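Understanding the architecture of this molecule
Chain by chain, the residues run as shown.
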Amino acid sequence: MRPASLSARITLLLVVTSLLVLGGGARLMDWRIDHEMDSRFQQNLLTQAGALSTMLQMEQDEVPAQRPHPGVLGGDSPTFYELRCDGMPLLRSSPPPPAVPAGWPQEAAGAKPQFARVQHGRQHLGSVRFAFLSRPADYTDDRHPDISRGDVKPRKCVLLFEQDRQAIDQLLLATDWILLLGPALALGIALIAVPLIVRRGLRPVNALVDRMRDIGPHAPGQRLAASGMRELDPLVARFNDVLGRMDDGLTRERQFANGLAHETRTRLAELRALTEVESRYPSGRKLSEILGEVGQIGAELEATVTALLLLTRLQSGLEQPQMQALPLAAWLERQLQRQHGTATDRGIVLRLEEGTPAACLQTDPALLEVVIGNLLGNACAYAPAGDTVSVRLTATGLCIDNAAPGLGADDLANFGQRFWRKQPPHAGHAGLGLALANAAATALDLQLDFRLDAGQRLHAALSWPDRMTRHVPGP
């Protein structure tokens, strides 16, 4: 199935819009012209009928029963009439009206003209009928000086006047063809010209597509230049933003792959070197000592793999927290005791500040231990020898600070990346501690932030919402 064409879509929309606009405009113009022409025809018909009635009133009994010539009444088409007056014989044109409207002459016409359309075979006629009063000519004049005007009663007359509509119908038909062929011709031109115009207008899009072909993971750092068009520049900016995020992601993935390969290769190389050296050049050490060293290397490799598996489960949402009430003060004392050996070896002083409120936290102890254990382990491992690591527990969080002379403000952005280490690696540290701490804190709905103060001390602040805490009365 071929993909939809943007050019075809725009062309279709333009053609449909043109059809609606031109067709609707032509239909409105046709209705307006038909209405105006019919009004003019009726006005002309009424004018001719009025002229005929005036002639009848002037001549009265002397009006000949024959059809007036069209030129006399102002018309160009054949005309017909029928006159009915009280006390007078019926007067008709010659030939008489070929067709009469419904109700004639049973329904008497009023003074207001009534227009109608009648048809006789293929002949279309327009008719008008109205009533008027007519006085006979034989009252006070030279022929009848003894008859006064008041003694003569006017006659009621009804006139039916018809005229052939062939000329106006032909004119209306010609107008209809003009209004029909005009939009049709415009649409035909649009069907040919619009695709060409649209394709020409979409050239900047095609040029943008051509530039995109050379951008990808194989060429990091490349960006699209602004096109200078208001519609395309937001797309270019968004695409460049996606490219930036893609480059950052690829950089992190490369760092992760390099770090994982380095950690695995280092441990395996140590194992291989140890076995080869002992097999070729026995050192004379006891087997238990050699196996202990092998076990230590295996334990470090296992710790790395275990940390990676836990990190993957946390980031994918497979590791679900098992919430329970945890007394923080006693639990935190146990965590400090676990780090006591490392701190003593390096001359580090672990200090839990006094006066912190005791609280019970609704959390997962195992995942919280991942967070706190890694923060305390990093503080004891990377703080300068002889430094003091302070731990402060409050009702809404916990803060650990230690001296970090080797860190810069830019390094804080790298905290949480897998296998990232600022200093040369220490035994058992693969650069996964902060990544695990950050992932576990996110899973527990905790906020973990790092800050470097002016005294070059690193502050790791772990905070939790009030809904997770419950105050416990002190002793």
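To keep things clear, this report deals only with the structure shown in the data block. As the structure is a computational prediction, the values presented were derived from the model and not from experiment.

About the cut-offs
- Residues numbered from 1 in each chain as written.
- Predicted model: local features only at pLDDT ≥ 70, side-chain atom pairs only at ≥ 80, totals over all residues.
- Heavy atoms only, no water.
- Helix = DSSP H or I, 4+ residues; strand = E, 2+ residues; numbered from the N terminus.
- Buried < 20%, exposed > 50% of the residue type's maximum accessible area, 1.4 Å probe, protein only.
- Contact = heavy atoms within 4.5 Å.
- Areas by Shrake-Rupley, 256 points an atom, 1.4 Å probe, with all protein chains shown as cover.
- Phe/Tyr/Trp six-rings, centres within 6.5 Å; stacked < 30°, edge-to-face > 60°.
- Lys NZ or Arg CZ within 6 Å of the ring centre and 35° of its normal.
- Patch = residues over 30% accessible without salt bridge, like charges linked within 9 Å, V, L, I, M, F, W, Y side chains within 5 Å.
- Salt bridge = Lys/Arg side-chain N within 4 Å of Asp/Glu carboxyl O.
- Core = buried A, V, L, I, M, F, W, Y, C linked by side-chain atoms within 4.5 Å.
- Pairing = 2+ DSSP bridges.
- Axes fitted to C-alpha atoms, helices over the stretch in contact; angles between N-to-C directions.
- Disulfide = S-S within 2.5 Å.
- Polar contact = N/O pair within 3.5 Å; in protein donor to acceptor, adjacent residues only side chain to side chain.
- Left-handed = near helix turned anticlockwise from the far one by under 90°.
- Nonpolar A, V, L, I, M, F, W, Y, C, P; charged D, E, K, R; others polar.
- Expected span 1.5 Å × (residues − 1).

**Considerations on the overall build of the protein**
- When helices and strands are tallied, the protein shows 10 helices and 13 strands.
- Here the protein holds 475 residues, and 35% of them are scored as buried.
- For the protein, the proportion of contacts with a sequence separation of at least 24, taken over those separated by at least 6, is 68%.
- Total accessible area on the protein is roughly 28500 Å²; 58% of this is exposed by carbon and sulfur atoms.

**As for the packing of aromatic side chains**
- According to the stated counting rule, one finds 0 aromatic pairs in the structure shown.
- Sitting over the ring of Phe-41, Arg-165 keeps its end group 4.9 Å from the ring centre.

**Section: a nonpolar patch on the surface**
- Nonpolar side chains collect at one region of the surface, where Leu-12, Val-16, Leu-20, Val-21 and Leu-22 lie side by side and expose about 460 Å² of accessible area between them.
- As for its placement among the helices and strands, Leu-20 is situated in helix α1 (residues 6-59).

**Concerning the side chain of Gln-335**
- Along the polypeptide, Gln-335 turns up in helix α7 (residues 328-338).
- Not counting chain neighbours up to four residues away, the residues in contact with Gln-335 comprise Glu-369, Ile-372, Gly-373 and Leu-376.

**Focus: unusual backbone geometry**
- Cis geometry is found at the peptide bond from Ser-94 to Pro-95, where omega equals 5°.
- With respect to the helices, strands and loops of the structure, Pro-95 is situated in the loop between β2 (91-92) and β3 (114-120).
- You will see that Asp-445, though not glycine, has its phi angle at about 65°, which is positive.
- Residue placement: Asp-445 occurs in the loop between α10 (433-443) and β11 (447-452).
- Positive phi outside glycine occurs at Gln-456, with the angle close to 60°.
- Mapped onto the secondary structure, Gln-456 falls in the loop between β11 and β12 (457-463).

**What to know about α10**
- Burial within α10 is extensive, with 8 of its 11 residues counted as buried.
- Three or more residues of α10 are buried, namely Gly-433, Leu-434, Ala-435, Leu-436, Ala-437, Ala-439, Ala-440 and Ala-441.
- At the C-terminal side of α10, Asp-445 shows a positive phi close to 65°.

**Some thoughts on the nonpolar core**
- With 41 residues, the main nonpolar core has Leu-368, Ile-372, Leu-398, Ile-400, Leu-446, Leu-462 and Trp-464 as its most contacted residues.
- Of all the secondary-structure elements, those providing two or more residues to this core are α7, α9 (365-382), β9 (388-393), β10 (397-403), α10 and β12.
- Once residues within four sequence positions are removed from consideration, Leu-368 is found in contact with Leu-326, Leu-328, Trp-331, Leu-361, Thr-363, Leu-444, Leu-446 and Leu-462.

**Here we look at the sheet that holds β11**
- In spatial order, the strands read β7-β9-β10-β12-β11; together these 5 strands make up an open sheet with mixed pairing. Across the chains shown, the open sheet's two edge strands, defined by having one partner strand only, are β7 (349-352) and β11. Strand-to-strand, the axes of this sheet are offset by a mean angle of 15°, without reference to chain direction.
- Bridge count between β10 and β12: 7 bridges; the pairing is antiparallel.

**Quick notes on the state of the cysteines**
- For the structure shown, the criterion picks out 1 disulfide.
- Residue Cys-85 pairs covalently with Cys-157 via a disulfide, S to S 2.0 Å. Looking along the S-S bond of the Cys-85-Cys-157 disulfide, the torsion reads about 120°, which is the right-handed sense. In this pair, Cys-85 sits in strand β1 (residues 79-85) while Cys-157 sits in strand β5 (residues 155-164), placing the two residues 72 residues apart along the sequence. Of the two residues examined, Cys-85 and Cys-157, each falls in the buried class.

**Details of the pattern of salt bridges**
- Applying the stated criterion across every chain, the model contains 17 salt bridges.
- We note a salt bridge from Arg-285 to Glu-289, for which the minimum N-O separation is 3.7 Å.
- A residue is classified by how much of its surface remains accessible, and Arg-285, at 30% relative accessible area, is partly exposed.
- A salt bridge links Asp-387 to Arg-457; the nearest nitrogen and oxygen atoms lie 3.4 Å apart. In this pair, Asp-387 sits in the loop between α9 and β9 while Arg-457 sits in strand β12, placing the two residues 70 residues apart along the sequence.
- Taking the relative accessible area as the measure of exposure, Arg-457 reaches 21% and is therefore partly exposed.

**A few points about the side chain of Arg-129**
- Within the secondary structure, Arg-129 sits in strand β4 (residues 123-134).
- Taking relative accessible area as the criterion, Arg-129 reaches 10% and is therefore assigned buried.
- At 3.4 Å, the side chain of Arg-129 forms a polar contact with the backbone oxygen of Ala-102.

**Overview of the pairing of β3**
- Pairing of β3 with β4 involves 7 bridges; the strand directions are antiparallel. Residue pairing across strands places Ala-116 opposite Ser-127, the latter belonging to β4.
- Between β3 and β4, which pair antiparallel in sequence order, lie 2 residues; one of them, Gly-121, sits at a positive phi of approximately 65°.

**Examining the packing of α9 against α10**
- It is at 8 Å that the axes of α9 and α10 come closest, and there the two elements cross at 145°. In this structure, the crossing between α9 and α10 has a hand that is left-handed. Facing Leu-367, Val-370, Val-371, Asn-374, Leu-375 and Asn-378 of α9, the residues of α10 in contact are Gly-433, Leu-434, Leu-436, Ala-437, Ala-440, Ala-441 and Ala-443.
- A class-by-class count of the residues in the contact of α9 with α10 yields 10 nonpolar, 3 polar and no charged.

**Describing α9**
- For α9, spanning 18 residues, the distance from its first C-alpha to its last is 25 Å, which sits close to the expected 26 Å at 1.5 Å a residue.
- In terms of burial, α9 is largely enclosed, as 14 of its 18 residues are buried.
- Put simply, Asp-364 is the residue that caps the front of α9, since its side-chain oxygen is 3.1 Å from the backbone nitrogen of Ala-366.

**With respect to the sheet that holds β2**
- One open sheet holds the 5 strands; their spatial order is β2-β1-β5-β4-β3, and the pairing between them is antiparallel. Edge strands, defined here as strands with exactly one partner in the open sheet, are β2 and β3.
- Where β4 and β5 come together, 10 bridges link them in antiparallel fashion. Counterpart to Ser-134 in the pairing with β5 is Arg-155.

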